[in-house]
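Observations on the three-dimensional arrangement
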Amino acid sequence: MSTPTHASTYTSTTERVQTWLDERTLHIRFNNPARHNALSVDMWEAVPPLLNTAKDDDRVRLVVFSGAGEKAFVSGADITQFEDMRAAREAVAYYEKMAEATLMGIHDFPKPTLSCIRGYCIGGGVNVAISCDIRIASSDSVFSIPAARLGLGYRYSAMKNLVDLIGPGAAKDLFFTARRIDAAEAKALGLVSRICEPDALPALLAEYAGTIAENAPLTVMAGKAITREILKPSPDLDSALCASLIRGCFESADYTEGRSAFMQKRKPVFTGR
């Protein structure tokens, strides 16, 4: 991936999560390669503060999640902590609350998010990936939701994200069987948007980062927010919010810039204003 250019604004609370700002992309990398980037408690806890800072940072147009090394994006939860964190009722409640808050924080983040996947994407890794807007993967990636083999209860939000993304039939197939699928099947199901050879993954990520950074951020964020409203049950749909977001795009300086650039046959320079 890109060479990390660390910014003082972004400091992870644990060495198991790396973060850096590369031009207009904030990278959040899970860094537990000895355990195939399995998610430990401190890793879950490190993500929300980074997103809270990025939300109001005009430099950030895209947040990318990835895994350290070439073997895994995220291989699930760090089971070495299960006895301590999930054996007692109070610990289970804390763990579930923390994971839910982190995943929903990714899901509800107002700017685009992307999971760049290589290797194992298992359990909690799938949950992180489907909480993002876009998923790209190397052809050697492997996906699975093994909850049914572990006796775990799966939270509503994770199941809803999966069903919204790939439909109820495919979601039940993966969930009931707990089988592993390769990148090609994941793409066919709609679990990932694009796949490529491992060596081409950095270039594909750079393509997305560059394109999204150049596009009008208000339009992109409005599109994300309206998509979220579309997926809500009809009684909960906030049509006034959708109308307000669209109006904000048309009233923005970026809309003026986009029209001018089109007429002048040049590339627009959007500021998010």
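Residues numbered from 1 in each chain as written. Predicted model: local features only at pLDDT ≥ 70, side-chain atom pairs only at ≥ 80, totals over all residues. Heavy atoms only, no water.

Broken down by element type, the chain carries 12 helices and 10 strands. For 273 residues, the compact-globule estimate of 2.2 N^0.38 gives 19 Å, and the C-alpha radius of gyration of the chain, at 19 Å, lies within 12% of that figure. Seen through its C-alpha atoms, the chain measures out along the principal axes to roughly 60 × 45 × 35 Å. In the chain, which comprises 273 residues, the proportion classed as buried is 46%. Long-range contacts, defined here as pairs at least 24 residues apart, represent 65% of the contacts in the chain between residues at least 6 apart. By element, 56% of the accessible surface of the chain is carried by carbon and sulfur atoms, the whole surface being about 13600 Å². Counting 31 positive and 32 negative side-chain charges, the chain places the averaged centre of each group 3 Å from the other. (Helix = DSSP H or I, 4+ residues; strand = E, 2+ residues; numbered from the N terminus. Rg over C-alpha atoms; globule rule 2.2 N^0.38 Å. Buried < 20%, exposed > 50% of the residue type's maximum accessible area, 1.4 Å probe, protein only. Contact = heavy atoms within 4.5 Å. Areas by Shrake-Rupley, 256 points an atom, 1.4 Å probe, with all protein chains shown as cover. Lys, Arg positive; Asp, Glu negative; His and termini not counted. Charge placed at Lys NZ, Arg CZ, Asp CG, Glu CD.)

Bringing the sheet that holds strand S3 (residues 62-67) into the picture now. Taken in spatial order, the six strands of this open sheet run S1-S2-S3-S5-S7-S10, and their pairing is mixed. The open sheet has two free edges, formed respectively by strand S1 (17-22) and strand S10 (194-196), since each of these has just one partner strand. Neighbouring strand axes in the sheet, compared pairwise and without regard to direction, differ in orientation by 20° on average. By the bridge criterion, three bridges tie S3 to strand S5 (residues 113-117) in an arrangement that is parallel. Note that in S5 the partner of Val63 across the bridge is Thr113. (Pairing = 2+ DSSP bridges. Axes fitted to C-alpha atoms, helices over the stretch in contact; angles between N-to-C directions.)

With that settled, the discussion passes to the pattern of salt bridges. In the structure shown here, the tally under the stated rule is 14 salt bridges. Measuring nitrogen to oxygen at the nearest pair gives 3.6 Å for the salt bridge that ties Asp42 to Arg16. Of this pair, Asp42 sits in helix H1 (residues 41-55) while Arg16 sits in the segment before S1; the two residues are 26 residues apart in sequence, bridging distant segments of the chain. For Arg179, the salt bridge identified is with Glu185, shortest N-O distance 2.7 Å. Given the relative accessible area of 28%, Glu185 is considered partly exposed. Connected via shared salt-bridge partners are Glu70, Arg118 and Asp140. (Salt bridge = Lys/Arg side-chain N within 4 Å of Asp/Glu carboxyl O.)

With that settled, the discussion passes to unusual backbone geometry. In the Ramachandran plot, His36 falls in the positive-phi region, its phi being about 55° despite a non-glycine side chain. Among the secondary structure elements, His36 is positioned in the loop between strand S2 (25-30) and H1. If you check the backbone angles, Lys265 has positive phi at about 55° while not being a glycine.

This part covers helix H6 (residues 156-166). Residues of H6 that are buried: Ser157, Ala158, Asn161, Leu162 and Ile166. Down the axis, H6 shows its buried residues gathered within 140° of arc, on one side only. Phi for Gly167, located one or two positions after H6, is positive at around 90°. (Arc of directions from axis to C-beta.)

Remark: H6 packs on helix H7 (residues 168-177), axes separated minimally by 7 Å, with the N-to-C direction vectors making an angle of 125°. It follows that H6 is oblique to H7 by the angle criterion. As H6 packs across H7, the resulting crossing turns out to be right-handed. Residues Met159, Leu162, Val163 and Ile166 of H6 form the contact with H7, whose own contacting residues are Pro168, Ala170, Ala171, Leu174 and Phe175. (Parallel < 35°, antiparallel > 145°, perpendicular 65-115°, else oblique. Left-handed = near helix turned anticlockwise from the far one by under 90°.)

Next up on the list: the packing of aromatic side chains. By the definition in use, this model includes three aromatic pairs. Over the aromatic face of Tyr255 sits the side chain of Arg259, whose NZ or CZ is 4.5 Å from the ring centroid. (Phe/Tyr/Trp six-rings, centres within 6.5 Å; stacked < 30°, edge-to-face > 60°. Lys NZ or Arg CZ within 6 Å of the ring centre and 35° of its normal.)

Among the six residues that make up S3, six are buried, leaving the element largely enclosed by the rest of the structure. Side chains Leu62, Val64 and Ser66 project from S3 onto one buried face, and the interleaved Val63, Phe65 and Gly67 project onto a second face that is buried too. Looking at chain direction, S2 and S3 are connected through six bridges and run parallel. The residue of S3 that forms the bridge with Leu26 is Val63.

Attention shifts here to the state of the cysteines. Disulfides are covalent bonds that connect the sulfur atoms of two cysteines. In total, this model carries zero disulfides according to the counting rule given. Counting only cysteine sulfurs, Cys196 is the nearest neighbor of Cys116, a cysteine outside any disulfide, at a range of 7.8 Å. Note on Cys121: no disulfide assigned, nearest cysteine sulfur contributed by Cys132 at a separation of 9.8 Å. Accessibility expressed as a relative area gives 1% for Cys121, which makes it buried. (Disulfide = S-S within 2.5 Å.)

Just distances and angles here, no functional claims.
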